[in-house]
Every structure is written in C-alpha cells, then in structure tokens.
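# Remarks on the overall topology
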Amino acid sequence: MLYFGGLFGVVMIGLTIFAVVDVITSDEGSVRHLPKVMWLLLVLLFPLVGSIAWLVAGRPVVGTGRARFGAFERGTPAYPEYDRPGRFAAGNPDDDEDFLRRCRERAEEQRRKGRENQ
C-alpha cells in the first residue's frame, strides 16, 4: 500500500472509516449495484477508490419519494393504492359534504336499530 502523509492521508483514513461504517450500517435491500459484502470488501481492499465508488454508486439514495404533491394529494400515503397522482383527498373533513352526510345517515340508522332492540 502506498504511504500518503499529511492532510491527504488523514482525509483518506477518515473517508475510508466513514465508508466502512456506512456500508455496515446500510440496509441490505437499499444498497445499489453490488451486495453489501462486496462493497465492504471493495472499500477495505481499495480504500480510496472503494470509498469513492461506494459514495457515488453504492450508497442508498435518500428521499426517493415524491417531493411535491398536488393541492388535493396526500403528503404521506398510508397505502400504495392511495399513491396515485391526481387522487382527490380532502384536506379538511368539512370539505367532503357527501362523506359527512353518509356518516350522519349511518349513525341515525344505528341509533334506530339500537332503539328497536331495547
């Protein structure tokens, strides 16, 4: 291995340590292009090239979700079927009058059945 002294050597050691820790703590399913063990070997055997390759090509991408949402789209979909673009989602329950009407009708029907059973 070549000897790198001074500031460049310190930066290289710091980069290698960061890359090794980052590879180890990354989720196996989110690592790109190679298996996690191969990235670890690459970083350990070729510290400078392996660390740079990990940062450029192997590190998991953060924030892959949609960054912008429309006026009537939910910010964090709870179910995949709700992640369709352009799907209407009322921001305020008062905005969806039909929903509120159906809730009132259902509540009245349940009260009426409750009174009949007593």
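Residues numbered from 1 in each chain as written. Predicted model: local features only at pLDDT ≥ 70, side-chain atom pairs only at ≥ 80, totals over all residues. Heavy atoms only, no water.

What follows is about the overall build of the protein chain. When helices and strands are tallied, the protein chain shows four helices and zero strands. In the protein chain, the order of α-helices and β-strands from amino to carboxyl end is α-α-α-α. Counting every position in the protein chain, which comprises 118 residues, the buried fraction comes to 17%. Partitioning the intrachain contacts of the protein chain with sequence separation of at least 6 by distance along the chain shows that 39% fall at a separation of at least 24. (Helix = DSSP H or I, 4+ residues; strand = E, 2+ residues; numbered from the N terminus. Buried < 20%, exposed > 50% of the residue type's maximum accessible area, 1.4 Å probe, protein only. Contact = heavy atoms within 4.5 Å.)

Positive phi values are uncommon outside glycine, yet histidine 33 reaches one of about 70 degrees. Its place among the elements puts histidine 33 in the loop between helix 1 (6-25) and helix 2 (36-45).

Attention now moves to the pattern of salt bridges. This model, assessed by the stated rule, comprises four salt bridges. Close ionic contact of arginine 111 with glutamate 108 constitutes a salt bridge, the shortest N to O distance being 2.5 Å. In this pair, arginine 111 and glutamate 108 both sit in helix 4 (residues 97-117), three residues apart, roughly one turn of the helix. Residue classification places arginine 111 among the partly exposed positions, given a relative accessible area of 44%. (Salt bridge = Lys/Arg side-chain N within 4 Å of Asp/Glu carboxyl O.)

So, about the packing of aromatic side chains. On inspection of all chains with the given rule, the structure shows one aromatic pair. Relative to tryptophan 54, the ring of tryptophan 39 has its centre 5.6 Å away and its plane inclined at 70 degrees; by these criteria the two rings are edge-to-face. Pair noted here: tryptophan 39 is in helix 2 and tryptophan 54 is in helix 3 (residues 47-58), with a separation of 15 residues, a long-range link. The same class applies to tryptophan 39 and to tryptophan 54, which are both buried. (Phe/Tyr/Trp six-rings, centres within 6.5 Å; stacked < 30°, edge-to-face > 60°.)

Okay, the nonpolar core next. Counting seven residues, the largest nonpolar core is built from Ala19, Val20, Val23, Val31, Trp39, Val43 and Trp54. Residue assignment for this core shows that the elements contributing at least two residues are helix 1 and helix 2. The residues contacting tryptophan 54, other than those within four sequence positions of it, are Ala19, Asp22, Val23, Ser26, Val31, Trp39, Val43, Arg59 and Pro60. (Core = buried A, V, L, I, M, F, W, Y, C linked by side-chain atoms within 4.5 Å.)

A few words on the side chain of serine 51. Examined against the element boundaries, serine 51 turns out to sit in helix 3. Relative accessible area serves as the criterion here: at 0%, serine 51 is assigned to the buried category. Those residues within four positions of serine 51 in sequence are excluded, and the remaining contacts are Leu15, Thr16, Ala19, Val43 and Phe46.

What follows concerns the environment of valine 49. Take valine 49: it is sitting in helix 3. Between the C-alpha atom of valine 49 and that of threonine 16, which follows or precedes it by 33 residues, the distance is 9.6 Å.

This paragraph deals with the confidence of the model for the protein chain. Residues of the protein chain with pLDDT of at least 70 account for 67%, and the chain-wide mean is 76. Per-element mean pLDDT across the protein chain ranges from 86 in helix 3 up to 88 in helix 2. (pLDDT = per-residue confidence, 0-100.)

Running from N to C, helix 1 and helix 3 cross one another at 50 degrees; their axes reach a closest spacing of 9 Å. Overall, the two elements helix 1 and helix 3 adopt an arrangement that is oblique. For the crossing formed where helix 1 meets helix 3, the hand is left-handed. In this structure, helix 1 uses Phe8, Met12, Leu15, Thr16, Phe18, Ala19, Asp22 and Val23 to contact helix 3, whose residues at the interface are Pro47, Leu48, Ser51, Ile52, Trp54 and Leu55. Across the contact of helix 1 with helix 3, the residue classes break down as eleven nonpolar, two polar and one charged. (Axes fitted to C-alpha atoms, helices over the stretch in contact; angles between N-to-C directions. Parallel < 35°, antiparallel > 145°, perpendicular 65-115°, else oblique. Left-handed = near helix turned anticlockwise from the far one by under 90°. Nonpolar A, V, L, I, M, F, W, Y, C, P; charged D, E, K, R; others polar.)

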